[in-house]
Amino acid sequence: MKLVLAVIQDADAAALVRVLSENAFEVTKLASTGGFLREGNTTLMIGVSDERLAELKRHVQRTCRTRTRLVTPSVPMGEQGEGLVGDPVEVAVGGAVMFVLGVQEFVKV
């Protein structure tokens, strides 16, 4: 048995939860905030048998896509110079980050 923590973009959350539910995966959805762009993310906690782990990964990979976004680099406080504004930089965001943890015991009451 595994516990998968999948951190995904909010934009992909509804579609992924729907796909996982349709395929009999039990999902718990948690709101979270990303560190790089400080945007809303969704963290899904998914209990899965070892035999279905590859299937779960396929669903996440097919549903969560990477996007590009223009970001203006910020200048740290104390280092701000007059008229210093960085040019926007294109960065990749989205996709999914999955942590797969071994479960010693699972109890459902």
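Model, not experiment: these values are computed from the prediction.

Asks: Even after reading the chapter, I still don't get the overall build of the protein, so can you show me in this structure?
Replies: When you go through the protein residue by residue, the secondary structure sums to two helices and six strands. When its helices and strands are written in sequence order, the protein yields β-α-β-β-α-β-β-β. If you take every contact in the protein between residues at least 6 apart in sequence, the share linking residues at least 24 apart comes to 69%.

Asks: Explanation requested: the nonpolar core in the structure shown.
Replies: Side chains of a nonpolar character, in soluble globular proteins, are inclined to be buried together. In terms of nonpolar packing, the biggest core is built from 14 residues, with Leu16, Leu20, Leu44, Ile46 and Leu56 touching the most fellow members. Residue assignment for this core shows that the elements contributing at least two residues are β1 (2-9), α1 (10-22), β3 (40-48) and α2 (53-63). With residues up to four places along the chain from it excluded, the contact list for Leu56 reads Val4, Leu20, Phe25, Ile46 and Val48.

Asks: How should the packing of aromatic side chains be read in this particular structure?
Replies: Aromatic ring pairs are reported here in terms of the distance separating the ring centres and the angle at which the planes meet. Under the criterion given, the structure shown has zero aromatic pairs. Over the aromatic face of Phe25 sits the side chain of Arg52, whose NZ or CZ is 3.9 Å from the ring centroid.

Asks: Would you mind going over the environment of Ala6 with me for this structure?
Replies: On the secondary structure map, Ala6 appears in strand β1. Each C-alpha atom of the pair Ala6 and Met98 lies 4.3 Å from the other, and the pair is 92 residues apart in sequence. Every residue in contact with Ala6, bar those within four places of it in the chain, is listed here: Thr42, Thr43, Leu44, Ile46, Val97 and Met98.

Asks: Teacher, can you tell me more about the pairing of β1 here?
Replies: Two faces, one strand: in a regular strand the side chains alternate between the faces of the sheet. Inspection of the sheet shows β1 paired to β3 by eight bridges, in the antiparallel sense. Note that in β3 the partner of Ile8 across the bridge is Thr42.

Rules used in this analysis
- Residues numbered from 1 in each chain as written.
- Predicted model: local features only at pLDDT ≥ 70, side-chain atom pairs only at ≥ 80, totals over all residues.
- Heavy atoms only, no water.
- Helix = DSSP H or I, 4+ residues; strand = E, 2+ residues; numbered from the N terminus.
- Contact = heavy atoms within 4.5 Å.
- Core = buried A, V, L, I, M, F, W, Y, C linked by side-chain atoms within 4.5 Å.
- Buried < 20%, exposed > 50% of the residue type's maximum accessible area, 1.4 Å probe, protein only.
- Phe/Tyr/Trp six-rings, centres within 6.5 Å; stacked < 30°, edge-to-face > 60°.
- Lys NZ or Arg CZ within 6 Å of the ring centre and 35° of its normal.
- Pairing = 2+ DSSP bridges.

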